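Tertiary structure, described
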Amino acid sequence: MRLLVADIPDPTSASFLGMPLWLWVILGGIALFGVFQVYYWIGYKLGPRLYASRLGRKIGEKNILTVENAVRRWGALAVYGCFWVPGLRHTLPWVAGVLRVSYPWYVVASALGCLTWVPVTSFGLYSLIWGWLKLAAESPILAGTAAVAVVAVIAVLVHRRRVSRRAEGEFTNV
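It should be emphasised that the depicted structure is a prediction, and the values quoted were computed from it without experimental measurement.

Quick notes on the overall build of the protein
When helices and strands are tallied, the protein shows eight helices and two strands. Along the protein, from the amino end to the carboxyl end, the secondary structure elements read β-β-α-α-α-α-α-α-α-α. The buried share of the protein, taken over its 174 residues, is 25%. The long-range fraction of contacts in the protein, counting pairs at least 24 apart against all pairs at least 6 apart in sequence, stands at 73%. Counting every atom, the protein has about 12,200 Å² of accessible surface; 71% of that belongs to carbon and sulfur.

Shown next as C-alpha cells:
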C-alpha cells in the first residue's frame, strides 16, 4: 500500500522567477502596506480637494459618498474589509485619509488586511495557475476549453454590468 503523503509536494519548494513563493508573498505584503500608507497620507494632505481632482471625478461623486458612508459607519474595520472588495482596495484608503480616520487604527487595519489578503490571494492564484498548467499538460483541449469558458463568463459579466450602468445613466461613453 502506497502512502498518500508521498504524492504531496513540499510547500516550500514553490517558486516564481527563481525566488521562493513565500518571499514573493512577504515582499508583496510589505509593498501593499506601503502603498496603503501613501494613499492615506495623500488623502489626508489633499483633503476634500482630492474629490475635485481628475481621480475624484473619475471615481464619481456618488461612489465617493458611498465609500465615505462606509468609512464613517465602520471606521478602521472598513479599511480591513476593503481588501476583499475589488475596486475599494485602492479607493477607500484615500477617503480614510480625507475623513481623518484614526491613523493608529488605520495602520492596524491595513496591516491585518495585508497579512490576510496577500497570502490568500497569492497562494490561491498560484494554485489556480499551476492547476491549469497541469491540466494543459495532461489535456490541452480541456485546458483550452476551460480558458475559453472563463473568458466568456468574464465577458458576459462585464457586458451585463455595463448594460445595467448604462440603464442607470452612470456610463455615457461606453
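Read on for the rest.
Structural notes on the confidence of the model for the protein
A residue-level look at the protein finds 87% of positions with pLDDT of 70 or above and a mean pLDDT of 83. When mean pLDDT is taken per element in the protein, helix H1 (residues 21–46) scores highest with 91 and strand S1 (residues 15–16) scores lowest with 66.

What about helix H7 (residues 103–138)?
Residues that lie three or four places apart on an α-helix share one face, since the helix turns once every 3.6 residues. Spanning 36 residues, H7 covers 51 Å between terminal C-alpha atoms, matching the ideal 52 Å at 1.5 Å per step. Among all positions in H7, only Tyr106, Ala109, Ser110, Gly113, Cys114, Trp117, Val118 and Tyr126 are buried.

A short note on the environment of Ala147
Its place among the elements puts Ala147 in helix H8 (residues 140–168). Each C-alpha atom of the pair Ala147 and Trp132 lies 8.7 Å from the other, and the pair is 15 residues apart in sequence.

A short note on the nonpolar core
Core analysis: the biggest nonpolar cluster contains 22 residues, and Leu32, Phe36, Val79, Phe83, Leu92 and Tyr106 have the highest contact counts within it. Listing elements by their share of this core, those giving two or more residues are H1, helix H4 (61–74), helix H5 (76–82), helix H6 (92–98) and H7. Excluding its chain neighbours within four sequence positions, the residues that come into contact with Val79 are Phe36, Leu92, Ala96, Tyr106, Ala109 and Ser110.

With respect to unusual backbone geometry
For Arg100, which is not glycine, the phi torsion reads 60° and is therefore positive. Of note, Arg100 is situated in the loop between H6 and H7. Classification of Arg100 by relative accessible area gives partly exposed; the value is 43%.

Comments concerning a nonpolar patch on the surface
Side chains of Leu125, Leu128, Ile129, Trp130, Trp132 and Leu133 sit close together on the surface and give an oily, nonpolar patch of about 620 Å² of accessible area. Of note, Leu128 is situated in helix H7.

With respect to the packing of aromatic side chains
Each aromatic ring pair is specified by the distance between its two centres and by the angle formed by the two planes. If you walk through the whole model with that rule in mind, you get eleven aromatic pairs. Here the basic side chain of Arg100 rests over the ring of Tyr44, its NZ or CZ set 3.9 Å away from the ring centre.

Focus: the packing of H1 against H7
Axis separation between H1 and H7 bottoms out at 9 Å; the angle between their running directions is 145°. Between H1 and H7 lies a crossing whose hand is right-handed. Facing Leu21, Val25, Gly28, Gly29, Leu32, Phe33, Phe36, Gln37, Tyr40 and Trp41 of H1, the residues of H7 in contact are Tyr103, Tyr106, Val107, Ser110, Ala111, Cys114, Trp117, Val118, Pro119, Ser122, Phe123 and Tyr126.

A closer look at the packing of H7 against H8
The relative placement of two packed helices is expressed as an angle between their axes plus a distance between the axes. Relative to each other, H7 and H8 sit at 140°, their axes nearing to 5 Å. By the angle class used here, H7 and H8 are oblique. Across the interface between the two elements, Trp132, Leu135, Ala136 and Glu138 of H7 pack against Pro140, Leu142, Ala143 and Ala147 of H8. Its residues placed into classes, the contact of H7 with H8 shows seven nonpolar, no polar and one charged.

Focus: the pattern of salt bridges
Throughout the structure, instances matching the rule amount to one salt bridge. Here Arg72 makes a salt bridge to Glu68, at a shortest N to O gap of 3.2 Å. Taken as a pair, Arg72 and Glu68 lie in helix H4 at a separation of four residues, close to a single helical turn. Relative accessible area serves as the criterion here: at 53%, Arg72 is assigned to the exposed category.

Procedures and definitions
- Residues numbered from 1 in each chain as written.
- Predicted model: local features only at pLDDT ≥ 70, side-chain atom pairs only at ≥ 80, totals over all residues.
- Heavy atoms only, no water.
- Helix = DSSP H or I, 4+ residues; strand = E, 2+ residues; numbered from the N terminus.
- Buried < 20%, exposed > 50% of the residue type's maximum accessible area, 1.4 Å probe, protein only.
- Contact = heavy atoms within 4.5 Å.
- Areas by Shrake-Rupley, 256 points an atom, 1.4 Å probe, with all protein chains shown as cover.
- pLDDT = per-residue confidence, 0-100.
- Expected span 1.5 Å × (residues − 1).
- Core = buried A, V, L, I, M, F, W, Y, C linked by side-chain atoms within 4.5 Å.
- Patch = residues over 30% accessible without salt bridge, like charges linked within 9 Å, V, L, I, M, F, W, Y side chains within 5 Å.
- Salt bridge = Lys/Arg side-chain N within 4 Å of Asp/Glu carboxyl O.
- Phe/Tyr/Trp six-rings, centres within 6.5 Å; stacked < 30°, edge-to-face > 60°.
- Lys NZ or Arg CZ within 6 Å of the ring centre and 35° of its normal.
- Axes fitted to C-alpha atoms, helices over the stretch in contact; angles between N-to-C directions.
- Left-handed = near helix turned anticlockwise from the far one by under 90°.
- Parallel < 35°, antiparallel > 145°, perpendicular 65-115°, else oblique.
- Nonpolar A, V, L, I, M, F, W, Y, C, P; charged D, E, K, R; others polar.

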